[in-house]
Amino acid sequence: MSPQSKLVKRLRISVLMASVLALLIFASWSGTAAAADSTSDKWLSPAASAARKNPIPPTQQSIAAGQKIYSKTCAMCHGKAGDADGPAVIELNIHPAKLSDPKLATESDGALFWKITTGKKPMPTYGKRFSETDRWNLVNYIRTLPKR
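Quick caveat, the model's predicted, so the values are computed rather than measured.

Visitor: Before we go on, may I ask you to explain the packing of aromatic side chains in this structure?
Guide: In this description, an aromatic ring pair is defined by two values, namely the gap between the centres and the angle between the planes. As enumerated under the stated definition, the model contains four aromatic pairs in all. Ring geometry for Tyr70 versus Tyr141: centroids 5.3 Å apart, planes at 50 degrees, classification tilted. Of this pair, Tyr70 sits in helix 3 (residues 60-78) while Tyr141 sits in helix 6 (residues 132-142), and the two are 71 residues apart along the sequence. Tyr141 shares its class with Tyr70; the two are buried. Measuring from centroid to centroid gives 5.0 Å for Tyr126 and Phe130, while their planes differ by 10 degrees, and the two rings are stacked. Exposure remark for Tyr126: the relative accessible area of 8% places this residue in the buried category. On the basis of relative accessible area, Phe130 is assigned to the buried category, the value being 14%.

Calculation rules
- Residues numbered from 1 in each chain as written.
- Predicted model: local features only at pLDDT ≥ 70, side-chain atom pairs only at ≥ 80, totals over all residues.
- Heavy atoms only, no water.
- Phe/Tyr/Trp six-rings, centres within 6.5 Å; stacked < 30°, edge-to-face > 60°.
- Helix = DSSP H or I, 4+ residues; strand = E, 2+ residues; numbered from the N terminus.
- Buried < 20%, exposed > 50% of the residue type's maximum accessible area, 1.4 Å probe, protein only.

This is the structure we're talking about:
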């Protein structure tokens, strides 16, 4: 083998080793980033939105209006009783919030309103689909789910 052939062979091996090393570093970095993302699964609303007060009192009329919206729009994923068992869950392979969970009481009305308004994939944004009153009525209805 000529000295030039040996040099080319060494150069190829060096490039291959550098590529493998770069791939390992990238895989390690992206695995760390994915692990960091999975620890921040909590969906938090901005403080100003969470502090917002519900201007619609939870009357029977408001709750009934919210139930009507919920049945047409939300139950497909969140389930009839808010148990995250709607028919779309299996079909779309999603994991919606369990709105019947008593821990939901720790969420402020403003935080729920913000989440309904802004959405988060796969949940759509409802800020333009529903009026502000409709979204507050929906919050009032969702508040009844843990008690059902």
